[in-house]
Amino acid sequence: MENSEKGTPTEFGLKILQKLYPKIAPRAAQIQPHQTLLEENLSQQEIDDIVKKIPNGKAPGYDGIDNIIVKVIFNSFPFLLLDFFNKCLELKCFPDPLKIGLVILFHKTGKEEQNIKSYRPISLLPTLGKLLEKLLLQRFNFQLKTKHSNIHCITELEKGSHLTTHSCMSHLS
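Conventions adopted
- Residues numbered from 1 in each chain as written.
- Predicted model: local features only at pLDDT ≥ 70, side-chain atom pairs only at ≥ 80, totals over all residues.
- Heavy atoms only, no water.
- Helix = DSSP H or I, 4+ residues; strand = E, 2+ residues; numbered from the N terminus.
- Buried < 20%, exposed > 50% of the residue type's maximum accessible area, 1.4 Å probe, protein only.
- Contact = heavy atoms within 4.5 Å.
- Salt bridge = Lys/Arg side-chain N within 4 Å of Asp/Glu carboxyl O.
- Expected span 1.5 Å × (residues − 1).
- Axes fitted to C-alpha atoms, helices over the stretch in contact; angles between N-to-C directions.
- Parallel < 35°, antiparallel > 145°, perpendicular 65-115°, else oblique.
- Nonpolar A, V, L, I, M, F, W, Y, C, P; charged D, E, K, R; others polar.
- Core = buried A, V, L, I, M, F, W, Y, C linked by side-chain atoms within 4.5 Å.
- Patch = residues over 30% accessible without salt bridge, like charges linked within 9 Å, V, L, I, M, F, W, Y side chains within 5 Å.
- Areas by Shrake-Rupley, 256 points an atom, 1.4 Å probe, with all protein chains shown as cover.
- Polar contact = N/O pair within 3.5 Å; in protein donor to acceptor, adjacent residues only side chain to side chain.

Chemist: Can you tell me about the overall build of the protein chain, naming the residues and giving the values?
Modeler: Counting secondary structure elements, the protein chain contains eight helices and two strands. Moving toward the C terminus, one meets the helices and strands of the protein chain in the order α-α-α-α-α-β-β-α-α-α. Scored against the burial criterion, the 173 residues of the protein chain give a buried share of 24%. Across the protein chain, every contact between residues at least 6 apart in sequence was considered, and the portion connecting residues at least 24 apart equals 53%.

This is how it looks when you write it as structure tokens:
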């Protein structure tokens, strides 16, 4: 950067993007930094709303902590989950152990056992990771609904589709 043109690091980064991705980079220039949803602590009510909605009887992830255990922990020590999730927000970190899935293969009825297409994989994720994801999505959806009520990607996020922030941002620009 020492021998580069004058400007801020953001402007320099945008110039690099424009060189590398000339058809995409101009859109990046339209996105302005702003206060994020992650800067405000979660409230006890936000966590309470999510925990009340999680169903019993779902299989736990590799950690063995199922929804019933999370509800007992929350009812006995409500600030434990609040402090944990707020620390994740403060550090802007989604802990790696909460992203590890246990993959289970289910054999499809009537299919031959030697064929790989005869199995349906499911991934069992840690409950705390699913809760953190729901809290973040709840915040993100609220932001989209209040600031941009005509955004089409809100419904897709609520359905749990795999839209990325980039695709949602393209709707915002």
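There is more to say, and it comes next.
Chemist: Describe the pattern of salt bridges, naming the residues involved and giving the relevant values.
Modeler: In total, this model carries four salt bridges according to the counting rule given. Here Arg-139 makes a salt bridge to Glu-46, at a shortest N to O gap of 2.9 Å. Of this pair, Arg-139 sits in helix α6 (residues 127-147) while Glu-46 is found in helix α3 (residues 44-53), placing the two residues 93 residues apart along the sequence. Classification of Arg-139 as buried rests on a relative accessible area of 11%. A residue is classified by how much of its surface remains accessible, and Glu-46, at 17% relative accessible area, is buried. Salt-bridge contacts for Asp-48 lead to Lys-52; the nearest nitrogen and oxygen are separated by 3.2 Å. Of this pair, Asp-48 and Lys-52 both sit in helix α3, separated by four residues, roughly a single helical turn. Given the relative accessible area of 17%, Asp-48 is considered buried.

Chemist: Can you tell me about helix α5 (residues 78-91), naming the residues and giving the values?
Modeler: Each α-helix winds once per 3.6 residues, and so residues spaced three or four apart point in a common direction. Between its first and last C-alpha atoms α5 spans 21 Å; for 14 residues at 1.5 Å apiece the expected length is 20 Å, and the two agree. Positioned one or two residues after α5, Lys-92 has a phi angle of 50 degrees, which is positive.

Chemist: Lay out the packing of helix α4 (residues 67-76) against α5 in plain terms, naming residues and giving numbers.
Modeler: Where α4 contacts α5, the two axes come as close as 4 Å, and the packing angle between them is 105 degrees. Between α4 and α5, the crossing angle belongs to the class labelled roughly perpendicular. Between α4 and α5, the residues in contact are Val-70, Ile-73, Phe-74, Asn-75 and Ser-76 and Pro-78, Leu-80 and Leu-81, respectively. For the contact of α4 with α5, the residue count by class is six nonpolar, two polar and no charged.

Chemist: Describe the nonpolar core, and please don't skip the residues or the numbers.
Modeler: One broad rule of soluble globular proteins: the nonpolar side chains tend to lie buried together. Of all hydrophobic cores here, the largest spans 17 residues; its most connected members are Ile-47, Leu-81, Phe-85, Leu-128 and Leu-131. Only α3, α4, α5 and α6 provide two or more residues apiece to this core. Of the residues forming this core, the biggest block, five residues, is contributed by α5. Residue contacts for Ile-47: discarding those within four places in its chain leaves Phe-74, Leu-81, Leu-82, Phe-85 and Leu-135.

Chemist: For a nonpolar patch on the surface, give the residues involved together with the corresponding values.
Modeler: Together, Tyr-62, Ile-100, Leu-102, Ile-104 and Phe-106 make up an exposed nonpolar region whose accessible area comes to about 420 Å². As for its placement among the helices and strands, Phe-106 is situated in strand β1 (residues 102-107). For Phe-106, a relative accessible area of 40% puts it in the partly exposed group.

Chemist: Go over unusual backbone geometry with me, naming the residues and quoting the values.
Modeler: One non-glycine residue, Lys-92, lies in the positive phi region at around 50 degrees. By the secondary structure assignment, Lys-92 is in the loop between α5 and β1.

Chemist: Explain the side chain of Glu-46 to me, and be specific about the residues and the numbers.
Modeler: A polar atom in the side chain of Glu-46 sits 2.9 Å from the side chain of Arg-139. What Glu-46 contacts, discounting residues up to four positions off in sequence, is Asn-41, Leu-135, Gln-138 and Arg-139.

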